[in-house]
Amino acid sequence: MNQITINHWCKQCGLCADFCPKKVFDYTAGHTPVIARPEACVGCKMCQWRCPDFAIEVKTEGNKT
């Protein structure tokens, strides 16, 4: 399973939830997104690439970095 990390400097914009094609995150305005369905993550990293604050990281299976 892919490992998703939301760092403490997340500004709670919700873009990760908006761009996730598999709806891995639950998001309520003004709150840090919740990784609700990590097993659904396909490792596309759209959430990571779209985060304006580099607050999310996705480590895919087989990727040591």
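That block above? That's the structure.
Since we're looking at a predicted model, the values are computed, not measured.

> So what exactly am I meant to see when it comes to the overall build of the protein here?
Within the protein one finds two helices and four strands. For the protein, whose C-alpha radius of gyration is 11 Å, the value lies close to the compact-globule estimate of 11 Å for 65 residues. The 65 residues of the protein split such that 29% are buried. By sequence separation, contacts in the protein at least 24 residues apart represent 46% of the contacts at least 6 residues apart. Surface summary for the protein: the accessible area is close to 4,300 Å², and the carbon and sulfur share equals 54%. In the protein, the 8 positive side-chain charges and the 6 negative ones have mean positions that sit 5 Å from each other.

> What am I meant to see in the nonpolar core here?
Within soluble globular proteins, side chains that are nonpolar tend to cluster in buried spots. In this structure, Ile4, Val24, Phe25, Cys47 and Ile56 are the most contacted members of the largest nonpolar core, which totals 13 residues. If you list the elements that add at least two residues to this core, you get helix 1 (15-19) and strand 4 (56-59). The residues touching isoleucine 56, leaving out its near neighbours within four places in the chain, are Ile4, Thr5, Ile6, Asn7, Cys16, Phe25, Cys47, Gln48 and Cys51.

> Which parts of the structure should I look at to understand the pairing of strand 4?
Side-chain positions along a regular strand alternate between the two faces of the sheet. Covered by surrounding structure in strand 4 are Ile56 and Val58 only, the residues Glu57 and Lys59 on the alternate face being uncovered. As defined by bridge partners, strand 1 (residues 3-6) adjoins strand 4 across four bridges and the pair is classed as antiparallel. Among the inter-strand pairings, isoleucine 4 is bridged to a residue of strand 4, identified as valine 58.

> Explain the side chain of threonine 60 to me, please; I cannot follow it from the model alone.
Looking at the secondary structure, you find threonine 60 in the segment after strand 4. Note on threonine 60: relative accessible area 19%, which makes it buried. Leave out the neighbours within four places in its chain, and threonine 60 touches Asn2, Gly43 and Lys45.

> Explanation requested: the environment of glutamine 3 in the structure shown.
With respect to the helices and strands, glutamine 3 occurs in strand 1. Beyond its immediate chain neighbours, meaning those up to four positions away, glutamine 3 contacts Glu57, Val58 and Lys59.

What counts and how
Residues numbered from 1 in each chain as written. Predicted model: local features only at pLDDT ≥ 70, side-chain atom pairs only at ≥ 80, totals over all residues. Heavy atoms only, no water. Helix = DSSP H or I, 4+ residues; strand = E, 2+ residues; numbered from the N terminus. Rg over C-alpha atoms; globule rule 2.2 N^0.38 Å. Buried < 20%, exposed > 50% of the residue type's maximum accessible area, 1.4 Å probe, protein only. Contact = heavy atoms within 4.5 Å. Areas by Shrake-Rupley, 256 points an atom, 1.4 Å probe, with all protein chains shown as cover. Lys, Arg positive; Asp, Glu negative; His and termini not counted. Charge placed at Lys NZ, Arg CZ, Asp CG, Glu CD. Core = buried A, V, L, I, M, F, W, Y, C linked by side-chain atoms within 4.5 Å. Pairing = 2+ DSSP bridges.

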